[in-house]
Amino acid sequence: MTSVDELFAIEGLLAGEELDVRATARAFADRELRPHIAEWYDAGTLPVREVAREFGSLGLLGMHLDGYGCAGTSATAYGLACHEIEAVDSGLRSLMSVQGSLAMHAIHAYGSDEQKQQWLRGMAAGELIGCFGLTEPDFGSNPGGMRTRARRDGKDWILDGTKMWITNGTVADVAVVWARTDDGGRGFLVPAGTPGLEARVMRRKLSLRASVTAELSFDGVRLPAEALLPGARGLRAPLGCLGEARFGIVFGSMGAARTCLETAIEYAKARVVFDKPIAGYQLTQAKIADGAVEYGKGMLLALHLGRLKDSGQITPEQVSAGKLNNTREALAIARECRTILGANGITLEYPVMRHAANLETVITYEGTSEVHQLVLGQALTGENAFR
Ligand code: FAD
């Protein structure tokens, strides 16, 4: 029998470091993450520090950044690692994305030498945790409307406002916070424990339960001049970080889809209904075949974008197309696979419904599907339909 990867000869498109990273991440995920994930998901939490240290020891955090203890791999290798980790759970890949692509990338791309020296090595090792605060209660798709404000007081800055839906917000050692300023918008590094900063866990999530999500409030938080990210001006800076994380999601979401397909195929072969395994019924095969075709197309798109990124040619619109397609198709695959598992499909005994629930977050964060449609619509028509 052919696996979903073999159907599209995916392995033949990978080389050297890419195959090594994929194999290492897959073995680690099977050994250390998969046995625990249902329990973490059920409990609605994640041992962030332990998992981050394990990610760090494998070089998965900020892995395609250079220097400061980062692994310096290709972007494609990073994508393949996201694929393997999200094949276990989107919450685990979110930890990788937020730490590496959002918080570390912000410091790496826009930080001073001192800031890089202070934070990046510990973050790459998973000893220090970062979070990324852009979204606010009233501003998600439109971060340009943000109300969080930073004003000067002598050489210091005073930060006021609220950020919501911040992954790892309560466990982070440092928050990368984006705020409105007199000269537009700037980014700040706010260490945990700074007076006036409060972090509260957001509970009762039905998606991405194996991930810590928080609300951060800043009440007259006084920051020294050195807290400012000197290279970040306006919205281009946080949007640049989001582009990095979205790239990982293009690969990662297909990891979730792969697990759903593999689980559904195994289940269909074993489950006998009307005296025959359901794998032998045409309707079941149609679901599996259609899902595998979308998976293969998604992987080919991801690898194509990986090659474009590694050659320095990728555009934000191309990343939007990948994020839109692969998250949308992964969710459709997860839902269809869930039907193959019947009643068993709604439990945590199988990973499929957990992935389907997670993917509701994945189509929402890092730009909703609608926002990516608008990005592509604008690129293709020249008309701005955002407002
Ligand atoms: P809204 O912006 O209110 O959108 C609601 C709906 O309106 C959506 O369907 C949207 O597509 C649609 N819509 C919006 N504008 C338009 C338009 N012009 N035309 C048509 N439709 C439109 N944020 C962070 O900063 N850091 C994090 O670490 C982080 N982690 C997250 C973790 C989780 C589990 C979740 C769920 C979210 C996280 N987010 C984070 C926030 C996430 O990025 C936002 O939820 C997302 O940007 C959407 O914003 P919103 O929820 O305010 O939706």
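Everything numeric here is computed off the predicted structure, so don't read it as measured data. (Residues numbered from 1 in each chain as written. Predicted model: local features only at pLDDT ≥ 70, side-chain atom pairs only at ≥ 80, totals over all residues. Heavy atoms only, no water.)

## Quick look at the UniProt feature "domain: Acyl-CoA oxidase/dehydrogenase middle" (unreviewed entry) in the protein chain
Definition in use: UniProt positions are given in the numbering used here, feature names are shortened, and annotations may be inferred rather than shown by experiment. Strands here mean DSSP runs of E at least two residues long; helices mean DSSP runs of H or I at least four residues long; both are numbered from the N terminus.
In the UniProt entry, the feature "domain: Acyl-CoA oxidase/dehydrogenase middle" (unreviewed entry) is given for residues 131-221. Within the segment residues 131-221, helix and strand shares are 0% and 55% respectively, and the terminal C-alpha atoms sit 17 Å apart.

## Structural notes on the nonpolar core
The cut-off we apply is this: As used in this record, nonpolar core signifies buried Ala, Val, Leu, Ile, Met, Phe, Trp, Tyr and Cys residues forming a set joined through side-chain atoms within 4.5 Å. Relative accessibility thresholds used throughout: buried, under 20% of the residue-type maximum; exposed, over 50%; partly exposed, between the two (1.4 Å probe, protein chains only).
Grouped together as the largest cluster of nonpolar side chains are 114 residues, with contacts concentrated most on L33, F55, L92, M96, W178 and V190. Per-element tally for this core: the top contributor is helix α8 (residues 236-270), with 16 residues.

## Some words on the pairing of strand β1 (residues 130-133)
What counts here: At least two bridges found by DSSP between two strands are what make those strands a pair.
The two faces of β1 match: G130 and F132 on one face and C131 and G133 on the other face are all buried. With four bridges connecting them, β1 and strand β4 (residues 174-181) associate as parallel partners. Across the sheet, the residue bridging to F132 is V176, located in β4.

## Describing the UniProt feature "domain: Acyl-CoA dehydrogenase/oxidase N-terminal" (unreviewed entry) in the protein chain
With numbering aligned to this structure, UniProt lists the feature "domain: Acyl-CoA dehydrogenase/oxidase N-terminal" (unreviewed entry) at residues 17-127. This span, residues 17-127, is 72% helix and 0% strand, and a straight line between its end C-alpha atoms measures 25 Å.

## Quick word on the confidence of the model for the protein chain
Selection criterion: Per residue, pLDDT measures the predictor's confidence, with a range of 0 to 100.
Across the protein chain, the average pLDDT comes to 97, with 100% of residues at or above 70. The ipTM value of the predicted complex is 0.99, and its pTM value is 0.98.

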